Amino acid sequence: MGSRAVVREVVVIDPVDLEKIRDAARRAGAETAEVPPFRGIGTVMTSLLVVGDAVAVGRVRDEVERCRGGLVFDLRSGAIRPIHRSRALRYGELTVIAVDGVIQIPRYDGEVVAALTRLASGRGETTVAMVNETAVSLVR
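The rules behind each value
- Residues numbered from 1 in each chain as written.
- Predicted model: local features only at pLDDT ≥ 70, side-chain atom pairs only at ≥ 80, totals over all residues.
- Heavy atoms only, no water.
- Salt bridge = Lys/Arg side-chain N within 4 Å of Asp/Glu carboxyl O.
- Pairing = 2+ DSSP bridges.
- Helix = DSSP H or I, 4+ residues; strand = E, 2+ residues; numbered from the N terminus.
- Axes fitted to C-alpha atoms, helices over the stretch in contact; angles between N-to-C directions.
- Contact = heavy atoms within 4.5 Å.
- Buried < 20%, exposed > 50% of the residue type's maximum accessible area, 1.4 Å probe, protein only.

(A) Spatial organisation of the pattern of salt bridges. A complete count under the given rule lists 12 salt bridges for this structure. Three or more residues joined by partner-sharing salt bridges are found here, namely Asp-14, Asp-17 and Arg-87.

Take a look at the structure:
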């Protein structure tokens, strides 16, 4: 049996998730070590070095993504954070905020995210009808 390549990846996580991610790494067969923040940069996040084979590191990366929650697209002009993650949503859920309402999408794929990203980049007054035309119709 050949040896597996060792993968090293730094993941940035919320400190409240540190033990959960360490447990996920142990279950996957990976090792972890905290990495100090870059010199001169104060941060509220924790950097964690994950070392293991590609499968183990991939499992830890997946758990990190689940901890970050779902996606929010705020398509109103002037939105401070037009695209961000929210722990209020489960991983895989998506909320779209338009000038005239909110749309919940329980499952989405890359096509939906790409369509919503195009809408967000316009930074205009995006309406629920525009979202339905360009993005939500892709998941029906």
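(B) Structural detail: the sheet that holds strand S3 (residues 46–52). Judged by pairing direction, the sheet is antiparallel, and its 3 strands sit side by side in the order S1-S3-S2 without closing on themselves. With partners counted over all chains shown, the strands left at the sheet margins are strand S1 (7–13) and strand S2 (31–35), one partner each. Across the sheet, the mean angle from the axis of one strand to that of its neighbour is 25°, orientation sign disregarded. Examined bridge by bridge, S2 and S3 share 5 bridges and lie antiparallel to one another. Following the sheet pairing, Val-35 is matched in S3 by Ser-47. In the packing of helix H2 (residues 54–68) onto the sheet, contacts are made with S1 and S3, and the angle to S1 comes to roughly 10°.

(C) Representation of the pairing of strand S4 (residues 70–74) in the model. In terms of residue burial, S4 counts as a mostly covered element, since 5 of its 5 residues are buried. Here S4 shows a buried face lined by Gly-70, Val-72 and Asp-74 and a second buried face lined by Leu-71 and Phe-73. Relative to strand S5 (residues 83–86), S4 runs antiparallel, the two being bridged by 4 bridges. Its bridge partner being in S5, Gly-70 is matched across the sheet by Ser-86. Sheet analysis places S4 next to strand S6 (residues 94–98), joined by 4 bridges and oriented parallel. Counted as the bridge partner of Asp-74 is Ile-97 from S6.

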